[in-house]
Amino acid sequence: MEDLEKRFALSPLIDAEIDVGGLGLVALHPEVDHDLRLKVTAAVIAHHQGYSSADYVYKRHLSGVAVHKSRDQVIREAVVDYSTAFDKFYRSFPPRDSERIGVFAFDLAFVRSHESIKLLLSTARQGFLIEPCLIARSLIEQFAYAVAVCSSDEDDVVFKTMPQRSISKLKEVQASAGKAYGLLSELSHYNPNLHFSFIGEEDGSQVLQRCYSFKLISLGWVFYILDLQFRVFRHCYHQHPSFGLVEALEGRAAADFDEFFDGAPAEVNAFIRELF
């Protein structure tokens, strides 16, 4: 078992943004220390340009490089802030051993959603469309299940409730959830009527795997999922003494959506904004 753990050690989930040297070979997270970024960049340039000293490249050519600012800072910060706020909530009270089973099931589904949302953001930022929609659709099912079981103290309800059949329960929390689920399903099921969206040239000679227009739509879904996540959490915990730790998130995703897409063509993802 130990050998297997070493052989199949987990790789970090890194959503890199800085392409060092523009070669697609070395990438860094946008929050990495500025000086480290320059030193890594210098090493890459020195290697490919034949310089014997990375330090020479660093001092001679990179002294005036500005501190990197992520183009997607608004949405990055939103995902981190949501996750951090919910984490503070759960850490504000000791572990419970006498809560009804539905609450435990809710918490398990809800806490799992944090990493799924990070993965959703990562694939969306890379300009994919079908893949983020698959993750977003799965999250809606997760939230639907959480809402359906949170008030139950019966094992049968918790273990036999089917997420995909619980969307109607989620609609009681967010009326647009059913419509959102349907829109995401069209892509998740690879609807043939949408094949034209992936044709890159008029003559059909290219297939689009990812592009900026896909990114516009996919990132819109990230904001919607964040808003839905808060609504689901509020539904279960709005009367909890620690709810104030997350209360500031209410409406945050919608406001960030408007800020982030300010100046972008409204028709691209206006249908998502209408779902809030």
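Look a little higher up for the structure.
A few points on the structure. (Residues numbered from 1 in each chain as written. Predicted model: local features only at pLDDT ≥ 70, side-chain atom pairs only at ≥ 80, totals over all residues. Heavy atoms only, no water.)

**A few points about the overall build of the protein chain**
No. 1: Along its length, the protein chain carries 12 helices and 2 strands.
No. 2: In sequence order, the secondary structure elements of the protein chain are arranged as α-β-β-α-α-α-α-α-α-α-α-α-α-α.
No. 3: With respect to the principal axes defined by its C-alpha atoms, the protein chain has extents near 70 × 55 × 45 Å.
No. 4: Per-residue burial over the protein chain gives 43% buried out of 276 residues.
No. 5: Of the contacts made within the protein chain by residues no fewer than 6 positions apart, 67% connect residues no fewer than 24 positions apart.
No. 6: Separation of charge centres in the protein chain, based on 28 positive and 38 negative side chains, amounts to 2 Å. (Helix = DSSP H or I, 4+ residues; strand = E, 2+ residues; numbered from the N terminus. Buried < 20%, exposed > 50% of the residue type's maximum accessible area, 1.4 Å probe, protein only. Contact = heavy atoms within 4.5 Å. Lys, Arg positive; Asp, Glu negative; His and termini not counted. Charge placed at Lys NZ, Arg CZ, Asp CG, Glu CD.)

**Observations regarding empty space enclosed by the protein**
No. 1: Tallying each qualifying case throughout the model produces 1 cavity of 30 Å³ or more.
No. 2: Of the volumes computed, that of the largest cavity is approximately 40 Å³.
No. 3: Lining the largest cavity are V79, Y82, S83, H114, I117, K118, L226 and Q229.
No. 4: Elements with a minimum of two residues in the lining of the largest cavity: helix 4 (73–91), helix 5 (101–125) and helix 10 (212–237).
No. 5: Among the residues forming the lining of the largest cavity, the class breakdown is 4 nonpolar, 3 polar and 1 charged. (1 Å grid on protein atoms, 1.4 Å probe; cavity = no way out; pocket = protein on both sides within 12 Å on 5 of 7 lines; lining within 4 Å. Points joined across faces, edges and corners; volume = space filled by probe spheres on them. Nonpolar A, V, L, I, M, F, W, Y, C, P; charged D, E, K, R; others polar.)

**Looking at the pattern of salt bridges**
No. 1: Counted under the stated rule, the structure contains 15 salt bridges.
No. 2: Across the pair R96 and D107 runs a salt bridge whose closest N-O atoms are separated by 2.5 Å. With R96 in the loop between helix 4 and helix 5 and D107 in helix 5, this pair connects stretches of sequence that are 11 residues apart.
No. 3: Take D107: its relative accessible area is 9%, and that puts it in the buried class. (Salt bridge = Lys/Arg side-chain N within 4 Å of Asp/Glu carboxyl O.)

**Description of the state of the cysteines**
No. 1: Counted according to the given criterion, the structure contains 0 disulfides.
No. 2: Of the cysteine sulfurs around C211, a residue in no disulfide, the closest is that of C133, at 12 Å.
No. 3: We note that C236 lacks a disulfide partner, and the nearest cysteine sulfur, in C150, lies 4.4 Å from it.
No. 4: With a relative accessible area of 17%, C236 lands in the buried category. (Disulfide = S-S within 2.5 Å.)

**Digging into the layout of surface pockets**
No. 1: Quantified by volume, the largest pocket comes out at close to 320 Å³.
No. 2: Lining the largest pocket are 14 residues; nearest its centre among them are H29, R76, V80, K118 and L121.
No. 3: Mapped onto the lining of the largest pocket, the elements with two or more residues apiece are helix 4 and helix 5.
No. 4: For the lining of the largest pocket, the leading source of residues is helix 4, giving 6 residues.
No. 5: A breakdown of the residues in the lining of the largest pocket according to their chemical character gives 5 nonpolar, 4 polar and 5 charged.

**Details of the nonpolar core**
Note on soluble globular proteins: their nonpolar side chains tend to be buried together.
No. 1: Grouped together as the largest cluster of nonpolar side chains are 71 residues, with contacts concentrated most on F106, I140, Y224 and F233.
No. 2: Of all the elements in the fold, those that place two or more residues in this core are helix 4, helix 5, helix 6 (130–149), helix 8 (167–171), helix 9 (177–188), helix 10 and helix 11 (252–260).
No. 3: Looking at which element gives the most residues to this core, the answer is helix 10, with 16 residues. (Core = buried A, V, L, I, M, F, W, Y, C linked by side-chain atoms within 4.5 Å.)

**Side note on the packing of helix 4 against helix 5**
No. 1: Axis separation between helix 4 and helix 5 bottoms out at 11 Å; the angle between their running directions is 165°. On the basis of their axis angle, the class for helix 4 and helix 5 is roughly antiparallel. Between helix 4 and helix 5 the crossing geometry is left-handed. On the side of helix 4, the interface is formed by I75, R76, V79, S83, F86 and Y90, while helix 5 contributes F106, D107, F110, V111, H114, I117, K118, L121 and R125.
No. 2: For the contact of helix 4 with helix 5, the residue count by class is 9 nonpolar, 2 polar and 4 charged. (Axes fitted to C-alpha atoms, helices over the stretch in contact; angles between N-to-C directions. Parallel < 35°, antiparallel > 145°, perpendicular 65-115°, else oblique. Left-handed = near helix turned anticlockwise from the far one by under 90°.)

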